Amino acid sequence: MLRQAVRAGLRGCLRRLGLFVSKHPVFFLATPVLLSALLGSSLSRYELEDVPESLFAPEHSLARLERGFAHSIFPENRSGTPAALLFDGPHVPGRYGRLLVAAVSARGRAHGSPSRFDRGVLGVAVARAVLRVHGALVDMRVPVHGFNYTYAHVCARNGASGRCAQDPAIGMLKKEVAADDSEVAGGRRRSTLATSSSSHAFFLGPRLGGVSLDSQGRVRSARAVRITYPLRSGEKAENLAADAWEDAFCRTIEGLREPGLRLYPLTSSSLRQDLELSGSLSVPYLAACAAVLTVALVLCCSMRDPVRTKPWLGLLGLLTFVLSSLTTAGILNLSAGRFNSTLVGLPFIVIGHGIHGMFEMLWAWRKTKEEEPVRERLSTVYADALVTYTLTTLTYLVTFGLAASPFSNLGVIKVFSRAVCLAVVFNYLYLLCFFGSCLVFSGYLERKAYHGLYCFKVVPSIHEGDEDAEASPSGWCYPTSRFYRHHDNNRHTPGASASDVHNFHVLVWFLREFVARWVTNTYVRPFMVLLYLIYVSFAMMGCLQTELPCDLSVLLPVKSQTLRYRAVHRTFFGSLTPIIGLYVYEPLAYWNESVRAEIGDITGGYVHLSWLEEFTLFLDHHNDSVNVSKEHFLRSLLGPFLHAPDYARFADDLVLNHSARPSPEIKASRIFLAARTTNRSNASSLQALLETLRLLSVSTDLHFIAYSPSFIFVDRCAASLSGALAIPCVSFVFLLVLSALVVVEPLGNAWVIVCVASVEFGTIGYLTLWGVDLDYVSVLCLNFALSYAAGHCSTIAFAFVSGRELTRTRWTQLALELQGAPAVQSLLCFTIAVLPLAFVPSNLTYTMFRCYLAVGLSTILHVIVILPVMLTFFPPSKKARQQKKRQEQHEEIECVELHCENRVMADQVTAV
């Protein structure tokens, strides 16, 4: 009774709304247009998100706290070496330009093994060429506001000397060029990732790539070198100059041609620019999607009857979606929202949600009689078609509302989900107002027998019952009205109008004559069950291989600058993880051998650069004992060691308390290290390394933290993505509760939940087999898959469970005939609309294409095949209800006979 009362109340409200819209069609037609024009005008000025960290880095993670703590100990603005020279990876803070030079071997191969005399970038000739490129970059002039800037004007300066901070690789190449005997210079190398100038080593792990060693473990050759140019930033003028210099940096490198060298530029703005490029590349293809969708909508809204055909309503439906999207974008822009490339997928969610409601309203309109008043027809449409569509809209709002809540840990999911919620609300309202008004005007034209395409009077030249007329083709070009009537009482569809004009749509005829009969055939159903088992098996195979990568390359254009650089970087520098800073934040007795041994145990398994190790070697070189007192240790450290030009850079790795008495104290220090890895996925390697270092920090007596700029993007990223996957589970529960309050038959809810879960499961599995992992984009599409599948499967299931007096097989056929056509049309139009995305040269849009296509195809399979077959096997049973109803009718007739005094009337009742 509660479900019946709720459903009746909802239908009554929608019926009154339909009457109200039909009384004021001009108002509801003009208001959405004016509102969209007013809000859309604000898009003349909009802002793009220029901080990738705010979107793709988890908001709540320990790495953010560790970064703040590390910066409090060693501030970025502290005089010393810029962060761009200390760290590598794609997420280094600050402004910089980075050049990767790959030497082509004598055989013309960039990745070939070096011969005996080919030293790569360490060869004198190649080193000279690299220095020529370096000179061209340093000397180039960049005009900004009438002033020509060079690198000397925009470079980040070293606090000790006041000069531009120079990458150690430049000094190494200059020494190679200055050396007369390359073998003598090579004999001074004592580290596999270092080169010596006198008695100490420069740490060149993140700067030399493709290193080849001799039998003694010394560097013999290197196939690539990476040079970083740090820039000043902070003030507005400095940022403008840095932007101009970075642009000129990339253009200059692309224009340089040096024999035997391959040059690959990267700047601090490359990632942001490539993310923006993904959105701009999609614009012409989105126009192609709109054109393809227009043709599909016009064809799907057309019929053989020239009066009741509605090709213009297909265009007006597309205009409805455009207006709602424009209103959404305007509100987001006025609310200080910033746009990003992932919002490219928002129009397709609007289309998927809106097309379903549009076809439901259109088919409900065609089931009404043309002789009825337009107001009654529209109120009937609202009462019949919008109940399920309202539930679907609420499912969208709950699913994406949970994703937009503070429970989500990724900014990109929050921003996208908020935009989807706003777009779905306006899409629903505009469909009720704008498209409902279009139906009113179309009804007036239909009532006056105007042509559905040309809008002129149609002459009723063919009458009912003319079999030749029904057999002849009816085109749009003939101004004659052909109102078809269905005279076969045995095949009359329960629930349809007396005219049954909708039955003569080609899709209805195809579903009734072929699909419904073939799917429900007794000999075909076992094969359909086998098909579903195959579907589930392959989906399970894919789900077992699912990964949660946190790689931003899935969002970038295929030929972007960042991807080209990262591909070469992975080839030459992929054996090492990005540089990690080990920050010791407590005073230690570094002069004690036990403390040095404990630090050595931690850093021993890594390639590292430690001021403590260099100082120990310095003492050994000067024949000084390592086991010294505190005073002698600090006096030697602060005196000859840090004042030596070769070791002065280590002063930036120490925090001293000069006010301590009787001697200064080392408050904190840092050590840089990198781990060797054979895993090409830097995200997984970094995550494993981060967990290892954190475990060491709590299991040893040494208090330290590990920080790298790349940790911000990988820490808890997989957990954040897996948390986003839990949102559909909560939505399942909501869908079950919500549909239970409206649908009279509870088993209909069960079938909808089963189908939605099957679609979600199959989408995840087949996307994995297609090469799509659960990343930032696919997680968003999976939230869409839940609501999309629920909306299309619910119409078939609810039509089945509401049937009476027929068998399960017959009512399955009728459910496909009554509700299958709008669902199939919606699915086909959506699938066709996403096809142009496959040709966009961007990983972002190609991932969206695969996700949306998988969702559409999986939903079509369940709507046409899987759900009808399940309904023929399992309850609710229709035959039992038929017998029960007949028994009730028989008892009622007998009761009438007992109380009737007139025999003649009793006989008549018995006959009836």
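Computed from a predicted model, the values in this text were never measured in an experiment.

(A) The nonpolar core, seen in detail. Membership of the largest hydrophobic core comes to 207 residues, with the highest contact counts inside it found for Trp611, Phe633 and Tyr776. The greatest single-element share of this core, amounting to 19 residues, is contributed by helix α29 (residues 776–801). Each residue touching Tyr776, except ones within four places of it in the same chain, is listed here: Phe56, Leu410, Val412, Cys550, Asp551, Leu552, Val554, Leu555, Phe713, Cys717 and Leu721. Judged by nonpolar contacts, the second largest core, of 39 residues, contains Met140, Val154, Ile170 and Leu173.

(B) Expanded view of helix α16 (residues 411–447). Between its terminal C-alpha atoms α16 stretches 52 Å, which fits the 54 Å expected from 37 residues at 1.5 Å a residue. Where α16 bends most, at Tyr430, the angle is about 35°. The element α16 is extensively covered by neighbouring structure, given that 27 of its 37 residues are classed as buried. Immediately beyond the C-terminal end of α16, within one or two residues, lies Ala449, with a positive phi of roughly 60°.

(C) Region of the structure containing the pattern of salt bridges. For the structure on display, the rule yields 22 salt bridges. Of the charged contacts in the structure, one is a salt bridge between Arg207 and Asp167, with a shortest N-O distance of 2.7 Å. You can see Arg207 sitting in the loop between β5 (201–203) and β6 (208–213) and its partner Asp167 sitting in the loop between α7 (151–154) and α8 (168–178), a full 40 residues away along the chain. Asp167 shares its class with Arg207; the two are buried. The network of salt bridges with shared partners includes Arg512, Glu513, Arg517 and Glu817.

(D) Inspection of a nonpolar patch on the surface at higher detail. A surface patch of nonpolar side chains, about 910 Å² in accessible area, is lined by Phe527, Val529, Leu530, Leu533, Ile534, Phe538, Met541, Leu769, Phe873 and Phe874. If one sorts the elements of the nonpolar patch by residue count, helix α19 (residues 525–543) sits on top with seven residues. Counting through the fold element by element, Phe873 comes out in helix α31 (residues 843–873). Accessibility expressed as a relative area gives 40% for Phe873, which makes it partly exposed.

(E) Molecular detail of the environment of Phe249. Tracing the backbone shows Phe249 in helix α10 (residues 236–255). Through-space distance from the C-alpha of Phe249 to that of Tyr229 is 10.0 Å; in sequence the pair is 20 residues apart. Excluding residues that lie within four positions of it along the chain, Phe249 makes contacts with Gly97, Arg98, Leu99, Leu137, Met140, Tyr229, Pro265, Leu266 and Thr267.

(F) Spatial organisation of the packing of helix α28 (residues 746–769) against α31. The N-to-C vectors of α28 and α31 enclose an angle of 140°; their axes lie 9 Å apart at closest approach. Taken together, the axes of α28 and α31 lie oblique to each other. As α28 packs across α31, the resulting crossing turns out to be right-handed. For the pair α28 and α31, the contacting residues are Trp751, Val754, Cys755, Ser758, Val759, Thr763 and Leu767 in the first and Arg850, Cys851, Ala854, Val855, Ser858, Thr859, His862, Leu867, Met870 and Leu871 in the second.

(G) Region of the structure containing the state of the cysteines. All chains considered together, the criterion is met by two disulfides. Note on cysteine connectivity: Cys155 is disulfide-linked to Cys164, with sulfurs 1.8 Å apart. What sets the handedness of the Cys155 and Cys164 disulfide is the S-S torsion sign, and at about -65° it is left-handed. For Cys155, a relative accessible area of 0% puts it in the buried group. Accessibility expressed as a relative area gives 27% for Cys164, which makes it partly exposed. What connects to what in the protein, once the bonded cysteines are numbered by sequence position, is 1-2, 3-4. Summary of cysteine pairing: Cys781 is not part of a disulfide, and the nearest cysteine sulfur, belonging to Cys851, is at 4.0 Å. The exposure class of Cys781 is buried, given its relative accessible area of 4%. Counting only cysteine sulfurs, Cys300 is the nearest neighbor of Cys829, a cysteine outside any disulfide, at a range of 3.7 Å.

(H) Structural context of empty space enclosed by the protein. Applying the stated criterion across every chain, the model contains five cavities of 30 Å³ or more. There is about 80 Å³ of room inside the second largest cavity. If you go around the second largest cavity, you meet eleven residues; those closest to its centre are Leu391, Leu735, Ala790, Ser794 and Phe798. The element best represented in the lining of the second largest cavity is helix α15 (residues 374–403), accounting for four residues.

(I) Expanded view of the sheet that holds β6. Read across the open sheet, the four strands follow the order β6-β7-β1-β8; overall the sheet is antiparallel. This sheet does not close on itself; its edge strands, each paired only once, are β6 and β8 (261–267). Taking each pair of neighbouring strands and ignoring which way they run, the sheet shows an average axis angle of 20°. Summarising the sheet, strand β1 (residues 95–103) and β8 pair through seven bridges and their orientation is antiparallel. Counterpart to Val101 in the pairing with β8 is Leu263. Against the sheet, helix α6 (residues 124–139) makes contact with β1, β7 (219–231) and β8, and its axis sits at roughly 5° relative to β7, the strand it touches most.

Rules and cut-offs
- Residues numbered from 1 in each chain as written.
- Predicted model: local features only at pLDDT ≥ 70, side-chain atom pairs only at ≥ 80, totals over all residues.
- Heavy atoms only, no water.
- Core = buried A, V, L, I, M, F, W, Y, C linked by side-chain atoms within 4.5 Å.
- Buried < 20%, exposed > 50% of the residue type's maximum accessible area, 1.4 Å probe, protein only.
- Helix = DSSP H or I, 4+ residues; strand = E, 2+ residues; numbered from the N terminus.
- Contact = heavy atoms within 4.5 Å.
- Expected span 1.5 Å × (residues − 1).
- Bend = angle between axes of the 7 residues up to and from the residue.
- Salt bridge = Lys/Arg side-chain N within 4 Å of Asp/Glu carboxyl O.
- Patch = residues over 30% accessible without salt bridge, like charges linked within 9 Å, V, L, I, M, F, W, Y side chains within 5 Å.
- Areas by Shrake-Rupley, 256 points an atom, 1.4 Å probe, with all protein chains shown as cover.
- Axes fitted to C-alpha atoms, helices over the stretch in contact; angles between N-to-C directions.
- Parallel < 35°, antiparallel > 145°, perpendicular 65-115°, else oblique.
- Left-handed = near helix turned anticlockwise from the far one by under 90°.
- Disulfide = S-S within 2.5 Å.
- 1 Å grid on protein atoms, 1.4 Å probe; cavity = no way out; pocket = protein on both sides within 12 Å on 5 of 7 lines; lining within 4 Å.
- Points joined across faces, edges and corners; volume = space filled by probe spheres on them.
- Pairing = 2+ DSSP bridges.

Everything listed here is a matter of geometry and, on its own, says nothing about what the molecule does.
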